[in-house]
Amino acid sequence: MNIKQRRTIRKYTQQPVSDELLNRLIEEASRTQTMGNLQLYSVVVTRSEEMKEKLAPAHFFQPMVTQAPVVLTICADFRRTTDWCLQRQASPGYDNALSFVNAATDALLFTQTFCCLAEEEGLGVCFLGTTIYQPQPIIEALELPELVFPVATLTIGWPAEKPRQTDRLPLQAIVHQETYNPFTPERIDACYKKRESLAVNKHFVELNEKETLAQVFTDIRYTRKDNEVMSENLLATLIRQKFLKADNLLDEVPVVERRPDILECDVVRFQNKKEKWVAFVGMLDGFPYEIFTGLQDDEEGIAIPKSVNKGFIIKHYDREGQKRYDFQFVNKRGYKTTIEGLSERFNPKYWDYAKLISGVLRYRMPIDHVISLITSLQLENDTINSWTAGVARVLKKYLPDSSPMYDEEEQE
Ligand SMILES: Cc1cc2nc3c(=O)[nH]c(=O)nc-3n(C[C@H](O)[C@H](O)[C@H](O)COP(=O)(O)O)c2cc1C
């Protein structure tokens, strides 16, 4: 089949796929390039009903797993190479993240080459990304040893359907000349215009009671919550399979160079002189990552209901590419409200000081040190000094229980 005609096939006839054909395709696909020609992958062939039934739950019972004559699980594999080294007086050093990525690259290159060859032969193939969502039950079912990790599953059979072809984004969505060209709002519009106007996608949005197609992805298909839970799972399984070491992760200082576009935040009220102020403390991995503060005021400042203690700080680019920060919260009735342009609502001087404090937080200076630093600042007037004291009080909320400063606060 010509690549221009290709599509994923999820329904198969009962006609068998012979061992001879399968082995020929696997052998041909092994001509694919691999790191150091080490072929850091392995393929587990599943044909028996019993094994398909065992794999099905790991793939969220997608029907192709039990319906396809053949299921292939392609694994990143440093086991074989490691055993070879050990048997040949060589010391392998492949129980690390880099080696996992190298082996996963080899495995996925093999997978795609196999798909092209199988589709050329007239077979129908479906790639199952669920493989990395719940790797542990797959590892158990297939008895994968340490340094072997499943990265892709293919269901294969002779097609019993001819679904419509899916669309593709235009070239300008994927190609950058010489350097990465930023996506202006106009370019995003141009890239997604056709996709968003397709009847099938409009129907999809309506069916899911969403406003945009992007929301179908963020709120339903691939949500933050699911991604975070499955990421934890993935890391835990990489540790179990000995590609990662647990202490690497525990000692990690997660400095995030690029601020995430959305940060959960705490809303903390504080007094500055006689005025009521509010702080938005952006949180990352349970630590304060940035702080914005402003006067609570219906007219010029920030007015939010008393019951709101949490929300999101959202980085937003307008049509001119100008960056701003919005605050979004959900009220008691479940409706979202967005306060746009936090930066414009605040006195620039406080904004600048808050930016400096955020810079320190972002690099994970321990909170007690941040508080000492802030309280030691001698700024130009009483109001700003009172503001820094207020910010220090806000940050005390994030001290670990064991901190002496925490106790001091408790006794106050
Ligand atoms: C990484 C990855 C994960 C995928 N996971 C699934 C899956 O779990 N179930 C499924 O039915 N299709 C899955 N697919 C197939 C895609 O849905 C499909 O390729 C995409 O919608 C484009 O359609 P087409 O292949 O027919 O052009 C996956 C494809 C990739 C590359």
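These remarks concern the structure in this document.

Thresholds applied
- Residues numbered from 1 in each chain as written.
- Predicted model: local features only at pLDDT ≥ 70, side-chain atom pairs only at ≥ 80, totals over all residues.
- Core = buried A, V, L, I, M, F, W, Y, C linked by C-beta atoms within 7 Å.
- Buried ≥ 20, exposed ≤ 12 C-beta atoms within 10 Å, placed from the backbone.
- Helix = DSSP H or I, 4+ residues; strand = E, 2+ residues; numbered from the N terminus.
- Contact = placed C-beta atoms within 7 Å.
- Arc of directions from axis to C-beta.
- Near = placed C-beta within 6 Å.
- Nonpolar A, V, L, I, M, F, W, Y, C, P; charged D, E, K, R; others polar.
- Pairing = 2+ DSSP bridges.

Description of the nonpolar core
Core analysis: the biggest nonpolar cluster contains 43 residues, and Cys-75, Ala-76 and Ala-107 have the highest contact counts within it. Ranked by residues supplied to this core, first place goes to helix H5 (residues 97-120) with eight residues. Setting aside residues up to four positions removed in sequence, Cys-75 forms contacts with Tyr-41, Ser-42, Val-44, Ala-107, Leu-144, Val-148, Phe-149, Pro-150 and Val-151. Phe-280, Ile-357, Ala-392 and Tyr-398 belong to the second largest nonpolar core, which has 31 residues in total.

A look at helix H1 (residues 19-29)
What H1 keeps buried is the set Leu-22, Leu-25 and Ala-29. All buried residues of H1 lie within an arc of 65 degrees about the axis, which places them on one face of the element. Opposite the packed face of H1, turned more than 90 degrees from it, sit the exposed residues Asp-19, Glu-20, Asn-23 and Glu-27. The elements touched by buried residues of H1 are strand E1 (41-46), strand E2 (70-77) and H5.

Quick look at the site of the ligand
The environment of the ligand is made up of Arg-7, Thr-8, Arg-10, Gln-62, Cys-126, Phe-127, Leu-128, Gly-129, Thr-130 and Thr-166. Class assignment of the residues belonging to the shell around the ligand gives a composition of three nonpolar, five polar and two charged.

Considering the pairing of E2
In terms of residue burial, E2 counts as a mostly covered element, since eight of its eight residues are buried. Burial along E2 is two-sided: Val-70, Leu-72, Ile-74 and Ala-76 and Val-71, Thr-73, Cys-75 and Asp-77, pointing in opposite directions, are all buried. For E1 and E2, the ladder comprises six bridges, and the chain directions are antiparallel. Residue pairing across strands places Val-45 opposite Leu-72, the latter belonging to E2. By the bridge criterion, eight bridges tie E2 to strand E4 (residues 148-157) in an arrangement that is antiparallel. The residue of E4 that forms the bridge with Asp-77 is Val-148.

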